[in-house]
Amino acid sequence: MNFQIAGINIFLICLLFLWQGVQVTIADGLDGAGRLVTLLALILLFINLFFNSHYRKQFIEKNSIIRIGLFWCVYAVLNSAIKYNSDEVSTFTFISINLVIPFILMSSLSALRVESIMLLLKCLKYTVYVVCLLMFIYADVVNGRLNVSLIDPNELSLIVYLLIILITISYLLRQQTVMQTVLLLLPPLYFSVQIGSRMGVVGTGMLLIGLFFVTRNKVISFKRVVVLIPIAIIVLTYILNQTVVGERLLNSSEESQQLTDQSAEGTIFEYYGDRGLYYIIGWQAFLDEPATGIGLRNFQYNYYATVLHPEVMIQLAELGLIGIFIYIAFQSKVIVAIFSLRQRKSNISILYNYFPFIVAVLFFSSTTLFLYSSYSIAIIYGLMILFLKNETADFIQVEGR
């Protein structure tokens, strides 16, 4: 793949993500059916299929991670074509926006060559930053929380995840100084707290702990720790006692008691707040159709008033044993690749020491929120798969990063 094709890929990936932000803010819901974003994604796929041999090759490589992702996408598409309830959104639109486009984003990122990685990180970082700022500018305050009416509130937290990960990777690859990194991190950290998502704040905290852990011997001195610990305690105390998200964190179990459905009461899931009952009712849905599941988004029509939220229960209840098996295989492949690479290359970049924290955040988030349709999550997985390739690891070592 020559540099021109790589540049076109990066441009289209950034444009796809940017349009998501523009659509729900400046454009005020224009192209709600997703025709433009579908067209852009198909152009991206066409370019890769016909002009990027590396894209095609990644599906047949030994121990290919993206191949398992393709299996899941094909199965989810076929399952939805048969079972999806199209009362609200057409089957084509649902499949395109929620299944096909995230996979195209993930697979296009994972197929980029190592020479374009630094350009990719720079372009993606500032694109996501622009999207975050647009969301912040156009957000309203609802019950003390920032809310953008045309996008799921929790998706905002996933966008913040992506931005923090991009900033962190850029720093670990020496594209930024410590001060630049701190300044770039401050706005998304503030945004995360103001969104009011418990998942988002906890996940953000895990990403920061990961950054601290992998760089502690490099940039953290005793004097800095003496200063940072009191600051961290003050910030944490403020969040818990003076913000909506702090109140929600401290009252998760009480929140579950206020629900009209008390299925989770008396179980460990009551501590998941309003998410706990999804595990109890979701298990009942799984038992009804264990092999292929009840179908994506069908939970709200037959079992509860809202969509099924936890990703792990979506895979089990809505896609059945087949879906959860492929899902676990994909996640396992990513985890094995991380630890295998770190074991085989003793002098690997600290970047790869950070990846387990990203995986931990994604797993934690999957216990409370659906992730399969998120463009942010697709990009995160695409980046990890790209960096988990041997040629990428070798490039980072040769470059001394």
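First things first, this report covers the structure right here in the doc. (Residues numbered from 1 in each chain as written. Predicted model: local features only at pLDDT ≥ 70, side-chain atom pairs only at ≥ 80, totals over all residues. Heavy atoms only, no water.)

1. A word on the overall build of the protein chain
Basically, it comes down to this: Working definition: helices are DSSP H or I runs of at least four residues, strands are E runs of at least two. Numbering for both runs from the N terminus. Each residue's exposure class comes from its accessible area (1.4 Å probe, protein chains only) as a fraction of the maximum for that residue type: buried when under 20%, exposed when over 50%, partly exposed otherwise. We call two residues in contact when some of their heavy atoms are within 4.5 Å. The Shrake-Rupley method, run with a 1.4 Å probe, gives the accessible areas here. Residue values count only the displayed protein chains as cover.
Per the secondary structure count, the protein chain includes 19 helices and 2 strands. Taking all 401 residues of the protein chain together, 54% fall into the buried category. For the protein chain, restricting intrachain contacts to residue pairs at least 6 apart in sequence, the fraction spanning at least 24 positions comes to 73%. Accessible surface, the protein chain as shown: approximately 18,100 Å² in total, 65% of it carbon and sulfur.

2. Describing the packing of helix α5 (residues 91-110) against helix α18 (residues 375-387)
What counts, and what does not: In this analysis, axes come from line fits to C-alpha atoms, helices being fitted only over the stretch in contact, and the angle between any two N-to-C directions falls in the range 0 to 180 degrees. For classification purposes, angles smaller than 35 degrees are called roughly parallel, those larger than 145 roughly antiparallel, those between 65 and 115 roughly perpendicular, and all remaining angles oblique. Helix crossings are classified by the rotation of the near helix relative to the far one: an anticlockwise turn of less than a right angle makes the crossing left-handed, while a clockwise turn makes it right-handed. Here the term charged refers only to Asp, Glu, Lys and Arg, the term nonpolar to Ala, Val, Leu, Ile, Met, Phe, Trp, Tyr, Cys and Pro, and the term polar to all other amino acids, Gly among them.
Between α5 and α18, the shortest axis-to-axis distance is 7 Å and the interhelical angle comes to 25°. Our classification of the angle between α5 and α18 gives roughly parallel. Both α5 and α18 take part in a crossing whose hand is right-handed. Note on element contacts: α18 touches α5 through Tyr375, Ala378, Ile379, Tyr381, Gly382, Leu383, Ile385 and Leu386, opposite Ile97, Ile101, Pro102, Leu105, Met106, Leu109 and Ser110. Partitioned by chemical class, the residues of the contact of α5 with α18 number 13 nonpolar, 2 polar and no charged.

3. A few points about a nonpolar patch on the surface
We apply this condition: A patch consists of residues whose relative accessible area exceeds 30% and which take part in no salt bridge; residues with like charges are grouped when within 9 Å of each other, and nonpolar side chains (Val, Leu, Ile, Met, Phe, Trp, Tyr) when within 5 Å. Here, a salt bridge means any Lys or Arg side-chain nitrogen found within 4 Å of an Asp or Glu carboxyl oxygen.
On the surface, a nonpolar cluster with roughly 630 Å² of combined accessible area is contributed by Ile26, Leu133, Phe136, Ile137, Tyr138 and Tyr190. Tallying contributions element by element places helix α6 (residues 117-138) first for the nonpolar patch, with 4 residues. Position of tyrosine 138 relative to the elements: it lies in helix α6.

4. Quick look at α18
For clarity, the threshold we go by: Here the expected span of a helix is defined as 1.5 Å times the quantity of residues minus one. Under this definition, polar contacts are N or O atom pairs within 3.5 Å; protein pairs additionally need one hydrogen-donor-capable and one acceptor-capable atom, and for neighbouring residues in sequence, both atoms have to be side-chain atoms.
Here α18 contains 13 residues, and its C-alpha end-to-end distance of 18 Å stays within 8% of the 18 Å for a straight helix at 1.5 Å per residue. Burial analysis of α18 places 13 of its 13 residues in the buried class, which makes it a mostly covered element. One side-chain oxygen at the N-terminal end of α18 lies 3.2 Å from the backbone nitrogen of serine 376; it belongs to serine 374.

5. Some points on unusual backbone geometry
The backbone of asparagine 63 sits at a positive phi, close to 60°, despite the residue not being glycine. Along the chain, the position of asparagine 63 falls in the loop between α3 (53-57) and α4 (65-83). Its relative accessible area of 51% is what places asparagine 63 among the exposed residues. Positioned with a positive phi, arginine 297 is a non-glycine residue whose angle comes to about 70°. Relative to the helices and strands, arginine 297 is located in the loop between α13 (276-288) and α14 (299-302). Exposure remark for arginine 297: the relative accessible area of 22% places this residue in the partly exposed category.

Don't take any of this as a statement about function, it's just geometry.
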